[in-house]
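# Observations on the three-dimensional arrangement
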Amino acid sequence: MDMKIKWHVPAMFLGAALMCVPATGWTQQSDTAPAPAQDNGTKAKQDIKSAGHETKSAAKDAGNGVKHGTKKAYHSTKKGTKKAWNKTKSTTKGAANGAKEGAKQPQ
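Residues numbered from 1 in each chain as written. Predicted model: local features only at pLDDT ≥ 70, side-chain atom pairs only at ≥ 80, totals over all residues. Heavy atoms only, no water.

What follows covers the overall build of the protein. When its secondary structure is counted, the protein shows three helices and zero strands. Helices and strands in the protein line up, N terminus first, as α-α-α. Of the roughly 10400 Å² that the protein leaves accessible, carbon and sulfur atoms contribute 62%. (Helix = DSSP H or I, 4+ residues; strand = E, 2+ residues; numbered from the N terminus. Areas by Shrake-Rupley, 256 points an atom, 1.4 Å probe, with all protein chains shown as cover.)

Shown next as structure tokens:
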């Protein structure tokens with residue numbers, strides 16, 4: 001017998017056997033989880049505690065974001081105010097000096 005035929009025959013029988021096996025037996029998950037024991041509300045209490053901790057953490061994060069934004073706005077406003085004040089001061093000095101010179105020289 002040829003070597004290929006020796007391997008094809010068992011492969012055909014294996015394929016036929018696998019086709020006869022119901023596929024649902026392979027796809028179903030077995031329920032190996034233990035039955036839930038009575039917890040007398042401890043699971044619910046833990047869930048509430050966890051929710052409280054998460055809410056606290058979220059509030060802290062939000063507060064830190066507001067704090068950072070407020071500081072940034074304060075510093076930007078302060079910087080802009082100083083810049084405007086210095087420009088106004090320079091312009092006022094220039095105008096005052098120009099007025100003095102204009103008053104000294106009659107036209």
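Don't stop here, the text continues.
Applying the stated criterion across every chain yields a total of one salt bridge. Note that Lys43 is salt-bridged to Asp47, the shortest N-O span being 3.4 Å. Here Asp47 and Lys43 lie together in helix α3 (residues 42-104), a separation of four residues that amounts to about one turn. (Salt bridge = Lys/Arg side-chain N within 4 Å of Asp/Glu carboxyl O.)

Where the model shows low pLDDT, its predicted coordinates should not be examined in detail. Overall, the predicted model of the protein reaches an average pLDDT of 77, with 66% of residues at or above 70. By mean pLDDT, helix α2 (residues 24-27) is the weakest element of the protein at 56, and α3 is the strongest at 87. (pLDDT = per-residue confidence, 0-100.)

With that settled, the discussion passes to a nonpolar patch on the surface. Taken together, the side chains of Val9, Met12 and Phe13 present a nonpolar region at the surface, about 330 Å² in accessible area. Within the fold, Val9 resides in helix α1 (residues 3-20). (Patch = residues over 30% accessible without salt bridge, like charges linked within 9 Å, V, L, I, M, F, W, Y side chains within 5 Å.)

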